[in-house]
Amino acid sequence: MTDPRSGPPARLDRTALDRILARATELQAGEKDIGDSVTPDEVISLGREVGIPARFLQQAMLEEQVRTTTSTPDGVLDAIVGAAGCSAGRVVRGDPDAVEEALVEWMDANELLAIERRQPGKVSWEPRRGMQAALHKMAADLGSSRRPFMLTRASRVTGQVTALEPGFCHVTLGAELGSARASYLGGGAAMVALGVTASGVLAVMTPIMLVAVAPLPVAAVVSWVVMRQYRPIRDRTQLGLERALDHLEQRDHRQPRELPPRPSLVGLITEEIRKALKP
């Protein structure tokens, strides 16, 4: 245990910093009689006293306004294997049209996805296939600076940009993983079927019941291990959605860029090689 008389450590990790800031805010708020609720103006006033810029407080209040609780597993499969999809949302600063363009650019440059459908405020992507996907993968292999693809197992990715107050919008991303989960469920079911078949064969060959049922628990354990391999895929997909939101949150919204026109095959090869070789 750390001796409190020795003073604070020279450096604090992020977890300790979050606890300290949360506690300091609690102590600061405790000095004022704010009752059970506060108005947005009172939040801005309290933040000004502790040196928090109003734009950050405004964004935090908007995030609280659109915050949704984490859904509980819908059934046994969701609890054991994992849900057949994932989603992420965040409030970001910027014009909705500019944010949507930045999201499309990010998916085009950093994921193996192609636009499936695009409507005002809504975009959906599907996996790239054929030559274009091969070129994208080749560029990722050659270019060490290129970010790894993280949404490759999603059969469909959706994005929605909703305007809130002027200068702020809420971005919701979702990924469908039903096909990926089904493949692991099928593998687990195959292991169980194999165990039942082996148990039936042993039941015919030997009268000893303990020997006959021995394959069943082994098959159950192997099936569980196979199905659990899906969870890291879902976690990686969730991280990919959060990574896209990080980009939107950190980008400069002052100069929205337009997507370049779709290049020809030769132009696509040249562009991918140029990106891969660029230092």
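A few points about the pattern of salt bridges
Point 1. Evaluated as defined, the whole model comprises 9 salt bridges.
Point 2. For Glu249, the salt bridge is made with Arg90, and the minimal N-O distance between the two is 3.2 Å. With a gap of 159 residues between them, Glu249 in helix α10 (residues 230-250) and Arg90 in strand β1 (residues 85-93) connect regions that are remote in the sequence.
Point 3. Note that Glu100 and Arg118 form a salt bridge whose closest N and O atoms lie 2.9 Å from each other. Of this pair, Glu100 sits in helix α5 (residues 96-110) while Arg118 sits in strand β2 (residues 113-119), placing them 18 residues apart in sequence.
Point 4. One continuous salt-bridge network, built from bridges that share partners, spans Arg90, Glu242, Asp246 and Glu249.

Structural notes on the sheet that holds β2
Point 1. Pairing is antiparallel in the open sheet, where 5 strands are placed in the order β1-β5-β4-β3-β2. The strands lining the two open edges of the sheet, one partner per strand, are β1 and β2. The sheet shows a mean angle of 20 degrees between the axes of neighbouring strands, taken without regard to direction.
Point 2. Sitting on the sheet, α10 touches β1, β4 (156-163) and β5 (168-176), and the angle it makes with β1 is about 15 degrees.

A look at the side chain of Arg243
Point 1. With respect to the helices, strands and loops of the structure, Arg243 is situated in helix α10.
Point 2. In this view, Arg243 contacts Trp106, Asn110, Glu111, Arg147, Pro148 and Met150; residues no more than four positions away in its chain are not counted.

What to know about the environment of Ser183
Point 1. Among the secondary structure elements, Ser183 is positioned in helix α7 (residues 178-205).
Point 2. By relative accessible area, which is 41% here, Ser183 ends up partly exposed.

Notes on a nonpolar patch on the surface
Point 1. Taken together, the side chains of Val192, Val196, Ile208, Met209, Leu210, Val211, Val213 and Leu216 present a nonpolar region at the surface, about 700 Å² in accessible area.
Point 2. Looking at the nonpolar patch, the elements that each hand over two or more residues are α7 and α8 (209-212).
Point 3. With 3 residues, α8 is the single largest residue contributor to the nonpolar patch.
Point 4. Here Val196 is to be found in helix α7.

Quick notes on the pairing of β4
Point 1. Bridging between strand β3 (residues 122-127) and β4 involves 4 bridges; their strand directions are antiparallel. Looking across to β4, one finds that Trp125 is bridged to Val157.
Point 2. Relative to β5, β4 is paired through 8 bridges, and the arrangement is antiparallel. Bridge pairing in β5 links Arg156 to Glu176.
Point 3. As consecutive antiparallel partners, β4 and β5 are separated by 4 residues, and within that stretch Gly167 has a phi angle of approximately 90 degrees, a positive value.

What counts and what doesn't
- Residues numbered from 1 in each chain as written.
- Predicted model: local features only at pLDDT ≥ 70, side-chain atom pairs only at ≥ 80, totals over all residues.
- Heavy atoms only, no water.
- Salt bridge = Lys/Arg side-chain N within 4 Å of Asp/Glu carboxyl O.
- Helix = DSSP H or I, 4+ residues; strand = E, 2+ residues; numbered from the N terminus.
- Pairing = 2+ DSSP bridges.
- Axes fitted to C-alpha atoms, helices over the stretch in contact; angles between N-to-C directions.
- Contact = heavy atoms within 4.5 Å.
- Buried < 20%, exposed > 50% of the residue type's maximum accessible area, 1.4 Å probe, protein only.
- Patch = residues over 30% accessible without salt bridge, like charges linked within 9 Å, V, L, I, M, F, W, Y side chains within 5 Å.
- Areas by Shrake-Rupley, 256 points an atom, 1.4 Å probe, with all protein chains shown as cover.

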